[in-house]
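Residues per chain are reported as follows:
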Amino acid sequence: MHTTDPGPPTAPSAAPLVTDDSAAGAGDQRSALAESLASELRVERDRWQHLRDAGLVGVVEWRMDGHITAANDAFLRIVGYTRRDLEDGTLNWRAITPTEHSAADERAVEQLRIHGRMEPFEKEYVHRDGHRVPVLLAAATLDEAHTHGMTLVTDLSTTRRAERRAEALRTITARLGGAYTSDDVARVILTSVAADGGALQGLVAMLEPDGVTLRLLGDQWVPDRIGATWRRFRIDAPVPLARAVADVREIFVESREVLERDWPRLHAELATMRVEATAVFPLVIEGRVLGALTFVWPKAREWDADERTFFRSLASICAQALERTQLMAAERTARARTERLQAVTAALSSALTPADVGHVIATEGAVALGATAAAVAVLTEQGDALRYIAWVGYPLKALEEWYDTPLDFPSPVTDAVRSRGSLWFGDHAGWRAAYPHLADVAQVVPSGAWAAIPLVVHDRTVGAIALSFPEARDFSRDDRALGDAMGRLGGQALERARLYNMESAARAAAEEANRAKSDFLATMSHELRTPLNAIAGYAQLLELGVHGPLEPAQREALGRIARSQRHLLELIDGILEFARVDAGRVRYRRDVVTVAHVAADAEALIAPAAHARGITLAVEGGDDAAVLADGDRLRQVFVNLLTNAVKYTPQEGRVELAWRVDDDRVVVTCRDDGIGIAPDRLEVIFEPFVQLERRLDRPADGVGLGLAIVRELVRGMDGEIAVESTVGVGTTFTVRLPLATAVEGRG
């Protein structure tokens, strides 16, 4: 440890004379001290007793041979043993540890024997019933010989279960990407989740197009005598599945008793099956009910909040997948149209401007729906009119009159936008009845049927597509579904193109501004260096007496000029350095650098400033810690952090630079007991030209680039930097850098 102390220690005072009275007083003081220590010990013991009995974590006392001498109820619950097992002396932490964790245990034991404590680590215990319990352990010895100690045991089962469920949802979502039918969706959902949720089986019920009939999916496990009745049933049937869909609510049946009480018909049907509990979740998307998802369990049970959240998420994923497969099913009924829809999707994926999107929608939409003409109109920025951006099949002169159509003008396209609903006219009679003032317009292109489909994104309409068909026709449910799908695709593509254009423009503007800023800083700094160098040169000539001898006051003035010139030059160098870093012009070496060497260099540079202010500067850490970094840049990081710490630490304060190895990283901390940083400033201190405070009574040196440069340099060396601070207590900057494989390097 290297310590720069602001001054010599104070000499000890002379020892006082000892008298009988003072000896008696000393005895009283010792008694009082002993009583105080005993009282503190009792308080500490009571705290541990409270921790042990509270049951928040498992608390275990043990011997090195593995014997557990004491444990609280929380630990016994974690491992499934009883207090009698503990009292019999048969409970041994080594015996309930799987063999693959033995090496980690031995490392922890070695730490305990050497240090009396260990680094917390994760492992598993074997529960009495045979399953494994993930735990987090933190332990320390209780005697100087390190033969017995105490461990705090945190059960990680809930955390691991949440992680497994999150992974299950991700896996299911990925697998659903390959589901093309509603049966595929049911198969993925039911096979993936029943095991993880501990369920016996599951079912998916889909609402038929008539809106009143439910159809079961994944019911192969249901006996034929039951399936014959329930493979299709109405939503007013007296069963949980139907009620969940009709009322759009979750239903939980915790036991067979509840099933018999609330759902007697279903209880009678399931009398011969191992079903004790069931949970039903409606499948809802955008306010529409598609069906319900249910699971059954062989034992009575309740569902905690995490389980319910998991199944709700699963139901949401299932609903989205079913929605997609329903659209795909509709598309498969018209194979050619489906292929065109896929072609539209592919074409829209590469359309980057609204005009490109409009062209794809008009051309591909006309072909997919069998139209002879199509035109795409989008809302203007003011939102009060529609502007046509693309068309096919319509003569240009016909559209010139309608290029900008007020949104309040009654027409199929404007009405589709305002109502967010498609309009379909299968013949002339329907068109004339709805829009008699547009009877002539309908014959601009010889047509027998028309449609106007809104282009929708989320809950907004951004435009519409107008279509003309060669002959009168009855538009089927599939036609309308395909048109609506086209409208959603087109709306999403238009929104994506709009956002892309906005982002591109913003990025270009930001890049241009950043380039201009960097160029300005670099140019300004270079321009300022020239007169500053001239000032330094002329000051040196005057100091050398080239223009005659100097009076003492003149020499003092020249010294001030020189110091001010050097300070300005340092500021300009900082601006130049920031300009290079910000512009990405800094090149980094990848060397094995010993942290101690670089820290010693930084300490030597900062020590005079710290000593001048009476600040203790401490630098400590392992001599063999090495990072893969650029030594010069790392030195600059240390110097900037220490300079910043000294600047904002009051006299007689303390600044520490320390480092340690943490897995594959070296963690460097710069800590001070200075003024601290307000919470609302922590987010901006790494931004350029930001200073913590600048007051007339406390001027701050520099221009606020030190930390900005530090952040960019650390990132450039594949590291991270963070800050923690408390106002009036101090600040800690933490830098994490890649650990070098070798321990010898150069700084």
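Read on for a plain summary of the structure.

Regarding the packing of aromatic side chains
One pass over the structure, following the stated rule, counts 16 aromatic pairs. For the pair Phe252 and Trp303, a centre-to-centre distance of 5.3 Å together with 45 degrees between the ring planes defines the contact as tilted. Residue Phe252 is found in strand β10 (residues 251-253), and its partner Trp303 is found in the loop between β12 (288-297) and α11 (305-332); the two are separated by 51 residues along the sequence. By the burial criterion, Phe252 is buried, and Trp303 matches it. Both rings, one in Phe686 and one in Phe733, keep their centres 6.0 Å apart while their planes meet at 85 degrees; by these two values the pair is edge-to-face.

Structural notes on the nonpolar core
Counting 44 residues, the largest nonpolar core has Phe638, Leu641, Trp659 and Phe733 as its most contacted members. Setting aside chain neighbours within four positions, we find Phe733 in contact with Leu641, Asn644, Val668, Thr669, Cys670, Ile677, Ile685, Phe686, Leu707, Ile721, Ala722 and Val723.

Regarding the packing of helix α19 (residues 595-612) against helix α20 (residues 631-647)
At a minimum axis separation of 9 Å, α19 and α20 run at an interaxial angle of 35 degrees. Considering the relative orientation of α19 and α20, their crossing is right-handed. In this structure, α19 uses Val595, Val598, Ala599, Asp601, Ala602, Leu605, Ile606, Ala609 and Ala610 to contact α20, whose residues at the interface are Gly631, Leu634, Arg635, Phe638, Val639, Leu642, Thr643 and Val646. Residues of the contact of α19 with α20, tallied by class, amount to 13 nonpolar, 2 polar and 2 charged.

Thoughts on unusual backbone geometry
Not every positive phi belongs to a glycine, and His458 is a case in point at roughly 55 degrees. Structurally, the position occupied by His458 is in the loop between β17 (449-457) and β18 (460-469). Look at His458 and you get exposed, because its relative accessible area is 70%.

So, the sheet that holds strand β15 (residues 404-406)
Here 6 strands make up an open sheet; going across it, the order is β15-β14-β13-β18-β17-β16 and the pairing antiparallel. This sheet does not close on itself; its edge strands, each paired only once, are β15 and β16 (423-425). Shown here is a sheet whose adjacent strand axes are inclined to one another by a mean of 25 degrees, direction ignored. Sheet topology note: the strand β13 (residues 373-379)/strand β14 (residues 385-392) ladder contains 6 bridges and is antiparallel. Along β14, the bridge assignment pairs Leu379 with Leu386. Packed onto the sheet, helix α13 (residues 354-369) meets β13, β14, β17 and β18 and runs at close to 60 degrees relative to β14. Strands in contact with helix α15 (residues 412-419) are β13, β14, β15, β16, β17 and β18; relative to β18, the strand with the most contacts, it is inclined by about 145 degrees.

Some words on the pairing of strand β8 (residues 213-217)
A large share of β8 lies buried, amounting to 4 of its 5 residues. As paired strands, strand β7 (residues 201-207) and β8 are joined by 4 bridges and run antiparallel to one another. Bridge pairing in β8 links Val204 to Leu217. What sits between the antiparallel neighbours β7 and β8 is a turn of 5 residues, in which Gly211 has the positive phi angle 80 degrees. In this sheet, strand β9 (residues 232-234) lies alongside β8 in antiparallel orientation, the contact comprising 3 bridges.

Here is what the cut-offs are and how they apply
Every chain is numbered independently, its residues counted from 1 as its sequence is written. In keeping with the model being predicted, local features are shown solely for residues with a pLDDT of at least 70 and side-chain atom pairs are shown and tallied solely at 80 or more, while totals for entire chains, interfaces and linings include all residues. By convention in this description, side-chain values take in all heavy atoms of the structure and omit both hydrogens and water. Classification of ring pairs rests on two measures: the distance between centres of Phe, Tyr or Trp rings, Trp counted by its six-membered ring, which must be within 6.5 Å, and the angle between planes, read as stacked under 30 degrees, edge-to-face over 60 and tilted in between. By definition, any uninterrupted DSSP run of H or I lasting at least four residues is a helix, any uninterrupted run of E lasting at least two residues is a strand, and each is numbered from the N terminus. Each residue is assigned to one of three classes by its accessible area relative to the maximum for its type, calculated with a 1.4 Å probe on protein chains only: buried under 20%, partly exposed between the two thresholds, exposed over 50%. Residues enter a nonpolar core if they are buried and are Ala, Val, Leu, Ile, Met, Phe, Trp, Tyr or Cys, with the set joined through side-chain atoms within 4.5 Å. Residues are treated as being in contact if the distance between any of their heavy atoms lies within 4.5 Å. Angles shown run from 0 to 180 degrees and are taken between the N-to-C directions of axes, each axis being a line fitted to C-alpha atoms and, for helices, limited to the stretch in contact. Crossing chirality is assigned from the near helix's rotation relative to the far helix, an anticlockwise turn below a right angle marking it left-handed and a clockwise turn marking it right-handed. Residues were grouped as follows: Ala, Val, Leu, Ile, Met, Phe, Trp, Tyr, Cys and Pro as nonpolar; Asp, Glu, Lys and Arg as charged; and all remaining residues, including Gly, as polar. DSSP-based pairing: two strands are paired if at least 2 bridges between them are found.

None of this, on its own, says anything about what the molecule does.
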